[in-house]
Amino acid sequence: MSAQIGVTGLAVMGANLARNLARNGYTVALHNRSVAKTDALLAKHGDEGDFVRTETLRELVDALEKPRRVLIMVKAGAPVDAVVDQLVPLLEEGDIVIDGGNSHYQDTRRREAALAEKGLHFVGVGVSGGEEGALNGPSIMPGGSKESYDALGPLLEKISAKADDGAPCCAWIGTDGAGHFVKMVHNGIEYADMQVIGEAYDLLRSASGIEPAEQAGIFEEWNKGELSSFLIEITAEVLKHVDAKTGKPFVDVVVDAAGQKGTGRWTVQSALDLGSPVSGIAESVFARGISSQAAQRAIAQETLAGHEAEVAVPENFVEDVRQALYASKLVSYAQGLDMLGAAGKEYGWDLKLDEIASLWREGCIIRAALLKDIMAAYKGDSRPANLLFAPAFVESIGRAVPAWRRVVATAVQLGIPVPVFSSSLAYYDALRRKRLPAAVIQGQRDLFGAHTYQRVDGEGTFHTLWGEDHSEISAVDTH
Ligand code: NDP
């Protein structure tokens, strides 16, 4: 029996994707570096569909119908190169190598170019949804040649999550590293989304004294409205949970140092390269960094003065926080999507933001009711320069602004850090502001480095002779 797809790397993600493929009627050839994982999978789930057991990559390749489709689900980084290097000599022109791990998009671009020279397709696929999603329907972001998508797309669309209109949460994203890039930005938005929820929790607890169990009810309520999302839903569950050992709220017994595996950091690094102002995403990565600086935090608690003000918490503060959370969340999405636009220009990807919003609607960690409106905002010819400029969002974020300002002001007065709430508001205000202090910076740059400037009242580039009589010359004269 020849298999339609092979999977190598059968840890949790690979095993669950293989099972998902088999449950959807595909014959799946299985391979893992250590055969024990293959056998464990077959022993436990071998009856879920048609599997072909293989022990070597040669056997895996021989088990596949042509063009061969080999899905690599090994640890990101050097292991992917190691597996690709072993696979390539075994494959034939037109075969498709798929990397479904969390690879860096630049690695994917490099691998795609190298395999294209050998007549092979390399497809970098972003997969979101964790183990559960991999098994029951993840959100899938494939990048690579369009031709390879024709052969691979139907399988991926079949195993992907489906939105409520039945659309698969999978679509061809663009060439080479586009899929992994979009997955990376998805994770960046996820970081910001998690942080704003954390900030809302902290405000409700520290400013309003609302205990976690009661907050769980508030989050459940919020989950019925415009904030409805997977992350709000699971936050209610986390806040409700009581530690069996101590009887305390679970969140009070967990060390408050947030871990990270790197995709948030990659998003910020790439954003810096692209000049994309993803301030909320960056603040969320930095917030995890500060949380992990246990030694410095201990010293600061003993030494640094707070001078918190005695301010009354505004009436209807819970609703204010909800609105601030909505507005900050929207800014995070706007920044992430803006970054996708910049990357599209830089790397020649024709990224369709409506399709990307569409395939984030289900299966992935940032799935949210909001994505339906984001999808609508980019549909057809209506392509706002920034998500916030779409008429529906001009209106909804505008409505939230008074509450957003009250919340940030209250947090600042009480000494409660809200880095993403406040930086998102600063982003919103910076976009709106008629004149920014960038003019002063241009003056400083021209003074110390003759970096030149442009004038508001005409064309041209100028330099002021700061060390002489402060007269202005056309910049061409400075060189
Ligand atoms: P791991 O990242 O833990 O990787 C373990 C697998 O990699 C094992 O099958 C292991 O084989 C194999 N492996 C490691 N090094 C090599 C090598 N040099 N040569 C061959 N095989 C090797 O597995 P996960 O299932 O957690 O993740 C797979 C990918 O999916 C990763 O890129 C991850 O970032 C990504 N991902 C994970 C998610 C999650 O929730 N876990 C969510 C979304 C994406 P062996 O058994 O022989 O050691």
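Residues numbered from 1 in each chain as written. Predicted model: local features only at pLDDT ≥ 70, side-chain atom pairs only at ≥ 80, totals over all residues. Heavy atoms only, no water.

As a reminder, the rule being used: UniProt positions are given in the numbering used here, feature names are shortened, and annotations may be inferred rather than shown by experiment.
You'll find the chain entered in an unreviewed UniProt entry as 6-phosphogluconate dehydrogenase, decarboxylating, with Sinomonas puerhi given as the organism. Entered under Sequence similarities (unreviewed entry) in the UniProt record, the comment concerning the chain runs "Belongs to the 6-phosphogluconate dehydrogenase family."

**Side note on the site of the ligand**
So the rule is basically this: Each residue is tested against the molecule or strand, and it is near if at least one of its non-hydrogen atoms lies within 4 Å. Polar contacts, as used here, are pairs of N or O atoms within 3.5 Å; protein pairs need one atom able to donate a hydrogen and one able to accept it. Residues neighboring in sequence count only if both atoms are side-chain atoms. All accessible areas in this document rest on Shrake-Rupley with a 1.4 Å probe, and a residue is counted as covered only by the protein chains that are shown. Numbering of helices and strands starts at the N terminus; helices are DSSP runs of H or I of at least 4 residues and strands are runs of E of at least 2. Residues are sorted three ways: Asp, Glu, Lys and Arg are charged, Ala, Val, Leu, Ile, Met, Phe, Trp, Tyr, Cys and Pro are nonpolar, and all the rest, Gly among them, are polar.
Close to the ligand lie 19 residues, the nearest being Met13, Asn32, Ser34, Lys37 and Asn102. Note that an oxygen atom of the ligand is positioned 3.5 Å from one of the backbone N or O atoms of Leu10. Within the side chain of Lys37, one N or O atom sits 2.5 Å away from an oxygen atom of the ligand. The fraction of the free accessible surface of the ligand (890 Å²) that becomes covered by protein chains is 78%. Taken together, the elements giving at least two residues each to the shell around the ligand come down to α1 (12-23) and α4 (78-87). A class-by-class count of the residues in the shell around the ligand yields 10 nonpolar, 6 polar and 3 charged.

**With respect to unusual backbone geometry**
Short version of the rule: Note on classification: 1.4 Å probe, protein chains only; a residue is buried when its accessible area is under 20% of the maximum for its type, exposed when over 50%, partly exposed between these limits.
The residue after Lys66, namely Pro67, is reached through a cis peptide bond having omega -10 degrees. As for its position among the elements, Pro67 is in the loop between α3 (57-62) and β4 (69-72). Of note in this structure, Asp176 is not a glycine but carries a positive phi near 30 degrees. Tracing the backbone through its elements, the reader meets Asp176 in the loop between α7 (146-159) and α8 (178-206). Take Asp176: its relative accessible area is 14%, and that puts it in the buried class.

**Some points on the sheet that holds strand β5 (residues 96-99)**
Which entries qualify depends on this criterion: Here, strands pair whenever DSSP counts at least two bridges between them. To get an axis, fit a line to the C-alpha atoms, keeping to the stretch in contact for a helix; angles then go from 0 to 180 degrees between the N-to-C directions. Here, two residues are considered to be in contact whenever any of their heavy atoms come within 4.5 Å of each other.
Strand order in the open sheet formed by 7 strands is β3-β2-β1-β4-β5-β6-β7, and the pairing between neighbours is mixed. Looking at the sheet topology across the chains shown, the edges are occupied by β3 (51-53) and β7 (139-143). Averaged over all pairs of adjacent strands, the angle between their axes in this sheet comes to 25 degrees, without regard to strand direction. Both strand β1 (residues 5-8) and β4 contribute to a ladder of 3 bridges, which runs parallel. By the bridge assignment, Thr8 is partnered in β4 with Ile72. Lying on the sheet, α4 is in contact with β1, β4, β5 and β6 (121-128); it crosses β4 at an angle near 160 degrees. Contacts from α7 reach β1, β4, β5, β6 and β7 within the one sheet, and its direction differs from that of β6 by about 25 degrees.

**Considering the UniProt feature "active site" (unreviewed entry) in the chain**
UniProt's entry tags Lys183 and Glu190 with the feature "active site" (unreviewed entry), counted in the numbering of this structure. Position of Lys183 among the secondary structure elements: in helix α8. A polar side-chain atom of Lys183 sits 2.8 Å from a polar atom in the side chain of Asn102. Within the secondary structure, Glu190 sits in helix α8. Looking at Glu190, the relative accessible area reads 14%, which means it is buried. Each residue touching Glu190, except ones within four places of it in the same chain, is listed here: Leu231, Ile365 and Ile366.

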